Amino acid sequence: AQSVTQLDSQVPVFEEAPVELRCNYSSSVSVYLFWYVQYPNQGLQLLLKYLSGSTLVKGINGFEAEFNKSQTSFHLRKPSVHISDTAEYFCAVIQRTGNQFYFGTGTSLTVIP
Amino acid sequence: EAGVTQFPSHSVIEKGQTVTLRCDPISGHDNLYWYRRVMGKEIKFLLHFVKESKQDESGMPNNRFLAERTGGTYSTLKVQPAELEDSGVYFCASSDRDRGGYTFGSGTRLTVV
């Protein structure tokens, strides 16, 4: 079975500062990796995904993530955050031959003006 | 194209009552999934339909939960009778064969009092 660990449950950061949200996963098989964002009172929206190819993945709203196979990590980064980035962020994995996502517990990002 | 639609968006019911959640997937998506997030915990898989057939229902918590997808279009998730621990946000997702095309709905927030 897979498990996903998001080490930080809450991350406060000042506007225009950089941010990194950490995600580590455990899996004995190859997986696809995803980051989802949930804005207040909205559903889950795909930020970015890693399926194959370049380990640096760029997503929407200026976010990017890097797949590190040796460290089994998929950390999410943004060089300069905005107030509108305040939301909850979920890391998720799915086996390449599987049918269900395994999610982390989420990281609540709060951008401080 | 229209996204995954879930309703109601919120539901508050008393312990012992019955509630039915509905999910309308993206048109043409054969795969439909239900997930649940209990407060403060990770989003967990409940079950997976391929068209009208249950492909995997290993995540269903107990027999108080019944999911259907008649005709392979929309799906319902019924909880009968509801218990306090059933409170949470229920997400539906649909996809075509490409796992990168997984789309989530905005969720139904269920509160059992």
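About the criteria used
- Residues numbered from 1 in each chain as written.
- Chains lettered and ligands numbered in written order.
- Predicted model: local features only at pLDDT ≥ 70, side-chain atom pairs only at ≥ 80, totals over all residues.
- Heavy atoms only, no water.
- Helix = DSSP H or I, 4+ residues; strand = E, 2+ residues; numbered from the N terminus.
- Buried < 20%, exposed > 50% of the residue type's maximum accessible area, 1.4 Å probe, protein only.
- Polar contact = N/O pair within 3.5 Å; in protein donor to acceptor, adjacent residues only side chain to side chain.
- Contact = heavy atoms within 4.5 Å.
- Buried area = accessible area lost by both parts, 1.4 Å probe.
- Salt bridge = Lys/Arg side-chain N within 4 Å of Asp/Glu carboxyl O.
- Phe/Tyr/Trp six-rings, centres within 6.5 Å; stacked < 30°, edge-to-face > 60°.
- Pairing = 2+ DSSP bridges.
- Axes fitted to C-alpha atoms, helices over the stretch in contact; angles between N-to-C directions.

This part covers the side chain of Asp86(B). Residues and elements named next belong to chain B. The topology assignment puts Asp86 in the loop between β8 (75–79) and β9 (88–95). Asp86 gets classed as buried once you look at its relative accessible area, which sits at 1%. Of the polar contacts made by the side chain of Asp86, one reaches the side chain of Arg64; its length is 2.6 Å. Not counting chain neighbours up to four residues away, the residues in contact with Asp86 comprise Arg36, Arg64, Phe65, Val79, Pro81, Leu110 and Val112.

Turning to the interface of chain A and chain B, a few remarks are in order. The extent of an interface is frequently quoted as the accessible surface area lost upon association of the parts. Taken residue by residue, the interface counts 22 residues in chain A and 18 residues in chain B. Carbon and sulfur atoms supply 55% of the area that chain A and chain B bury against each other, a total of about 1600 Å² over both sides. On the chain A side of the contact with chain B, Leu44(A), Asn99(A) and Phe103(A) bury the most area, a combined 33% of that side's loss. Scanning the region where chain A abuts chain B turns up 1 salt bridge. Between Arg37(B) and Glu88(A) there is a salt bridge, and its shortest N-O distance comes to 3.0 Å. Our count for the contact surface shared by chain A and chain B stands at 4 residue pairs in polar contact (both at pLDDT 80 or more).

What follows deals with the packing of aromatic side chains. One pass over the full model with this rule turns up 21 aromatic pairs over all chains. On the numbers, 5.1 Å between centres and 80° between planes, the contact of Tyr36(A) with Phe104(B) is edge-to-face. With Tyr36(A) in strand β5 (residues 31–38) and Phe104(B) in strand β10 (residues 103–104), this pair bridges two chains. By the burial criterion, Tyr36(A) is buried, and Phe104(B) matches it.

Let us now look at the sheet that holds strand β7 (residues 65–68) of chain B. Residue and element names in this part refer to chain B. Spatially, the 4 strands line up as an open sheet ordered β1-β3-β8-β7, and their pairing is antiparallel. Each end of this open sheet is capped by a strand with a single partner; those strands are β1 (5–7) and β7. For this sheet, the mean inter-axis angle between neighbouring strands, taken without regard to orientation, is 15°.

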